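Results of the structural survey
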Amino acid sequence: MGSGERTTVTTGGGTGQLTGFGNEHSSEAVPGALPVGRNSPQRAPLGLYAEQLSGSAFTEPRAANRRSWLYRIRPSAAHPPFTRIGNGALRGAPFDDTVPDPNRLRWDPLPAPPAGTDFVAGLWTLGGNGDIRQRTGMAVHLYHANTSMKDRVFSDADGELLIVPERGELRLRTEFGVLRAGPGHIVLMPRGVRFRVELPAGEAARGYICENYGRPFVLPDLGPIGANGLAAARDFEAPVAAYEDIEGPVEAVTKFCGNLWATALDHSPLDVVAWHGSHVPYRYDLRRFNVLGSISFDHPDPSIFTVLTAPSDTPGLAGVDFVVFAPRWLVGEDTFRPPYFHRNVMSEYMGLIEGAYDAKAEGFVPGGGSLHNMMSAHGPDRETFERASAADLVPAKVADGLAFMFETRWPVTLTPAAVNEHRPQHGYDNVWEGLQRHFTA
Ligand SMILES: [Fe+2]
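Note that the structure is a prediction, hence the values are computed from the model and not measured. (Residues numbered from 1 in each chain as written. Predicted model: local features only at pLDDT ≥ 70, side-chain atom pairs only at ≥ 80, totals over all residues.)

Okay, the environment of Val412 next. Structurally, Val412 can be placed in the loop between strand E31 (402-408) and strand E32 (413-414). C-alpha of Val412 to C-alpha of Asn129: the two residues are 283 residues apart in sequence and 5.3 Å apart in space. Discounting chain neighbours no more than four positions away, the residues touching Val412 are Gly127, Gly128, Asn129, Val140, Ser347, Tyr349, Leu371 and Asn373. (Helix = DSSP H or I, 4+ residues; strand = E, 2+ residues; numbered from the N terminus. Contact = placed C-beta atoms within 7 Å.)

Right under this line is the structure:
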């Protein structure tokens, strides 16, 4: 819906950023809009409405507690009923339309979407696990869009969205302000936050999304690594307050228990003039990830590359981890340097943002993906194994490539679309064909 005719967006507020993951941030687009010393005064400043957005139960411990207070032109409660709209290719947990598959699977990028596809219309679900209604598990989605969202906003009641752009720039206008993101960035959009995705360069955009139904992503503990290393809290950027004062029809789409619902507002709900709190969107530049690894021998477990982890009810066992394989030096002596052969109780979905991945010589391309479910055997392909086994072990830079993994404690079950329509590559098993017998006893 929407006229599509309005091109003028009245936006108040700055374009800077606030920094620090998990901080108590605060921002006001108009001086004096943020109450001082209380959250809900009898009359909020400037005639604004005060509204709390809770990302955790009120009573969760401080370390896990997330909420923000929003000071807005109209309260979110002022809306007519939601009605169902089409889900497109978006699906939600439980995923039980196909039989879980123990095979190693790999996909090419999605074909380009039809003209006029915006971020919401272009969401496509590969699969997932858990149960939205139990707030457990995750889903793997791809997005591809060739037009900005116009006169509509989106929010996800089912979980937070970890957005991984692979191609094209995004401008995310959120209730908290504006974030720009492109390939190499990730965006963490908390549960329930409304936003609109625009394509500022006018170019098509595509990428990956991990929808986390469970406890929100946090920075991993560092243990003996110490106080520094991996992703630094200070490198996570939250927007400063910026608001739209727009009268006119806006479609508010929400994803609720796996389905899309919409309601018609007579104003933009991105009308938050000031806010404070900890339930906020972030942008992070993966190129700032401090890659740690072995300086003696052996390839460390890839958990050393964890950017963010979504804890489950078992310490150390993530609902889902987000792991990045970024440029790094390899210096291990007497070491097979690529990722080793393994079978993992966790399930691994991998994607590629740019370049090449050091365990696969070909077939794994930017925008594509692979799935190695629980206990499936995988590792370097034959060519990579032969090359790495014979390599002269001088210090070497893995300079090319930015790959990532959504690693989850439950197997990923595919949607019918990922099995029957956008099918896995034929013959992926062949990359491990021809691994020679070398046993010489
Ligand atoms: Fe793996």
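This is not the end of the story, as more comes after the structure.
Attention shifts here to the UniProt feature "binding site: Fe cation" (unreviewed entry) in the chain. The UniProt feature table records "binding site: Fe cation" (unreviewed entry) at His342, Glu348 and His378. Sequence-wise these annotated residues cover 37 residues; spatially they are packed, their C-alpha atoms never more than 11.7 Å apart. Within the secondary structure layout, His342 lies in strand E26 (residues 342-343). By secondary structure assignment, the location of His378 is in strand E29 (residues 377-378). Apart from residues lying up to four places away in sequence, His378 is in contact with Arg104, His342 and His372. (UniProt positions renumbered as here; feature names shortened; annotations may be inferred.)

This part takes up the UniProt feature "active site" (unreviewed entry) in the chain. Residues annotated in UniProt with the feature "active site" (unreviewed entry) correspond here to His299. Within the element layout of this structure, His299 appears in the loop between strand E22 (282-285) and strand E23 (306-311). Once you skip the residues sitting within four places of it in the chain, His299 turns out to touch Ser294, Gly332, Thr335, Phe336, Arg337, Pro339 and Tyr340.

The next thing to look at is the sheet that holds strand E5 (residues 67-72). Spatially, four strands are ordered E3-E21-E5-E4 in an open sheet, and the strand pairing comes out antiparallel. Because the sheet does not close on itself, it has two edges, and the strands there are strand E3 (25-28) and strand E4 (49-54). Averaged over all adjacent pairs, the angle separating strand axes in this sheet is 20°, with direction ignored. The pairing of E4 with E5 spans six bridges and is antiparallel. Its bridge partner being in E5, Leu53 is matched across the sheet by Ser68. (Pairing = 2+ DSSP bridges. Axes fitted to C-alpha atoms, helices over the stretch in contact; angles between N-to-C directions.)

Moving on: the nonpolar core. With 102 residues, the main nonpolar core has Tyr71, Leu162, Ala241, Val272, Val273, Phe322 and Phe404 as its most contacted residues. A domain-level breakdown of this core finds at least three residues from each of domain 1 (16-35 + 43-56 + 63-286) and domain 2 (289-432). (Core = buried A, V, L, I, M, F, W, Y, C linked by C-beta atoms within 7 Å. Buried ≥ 20, exposed ≤ 12 C-beta atoms within 10 Å, placed from the backbone. Domains from an automatic or database assignment.)

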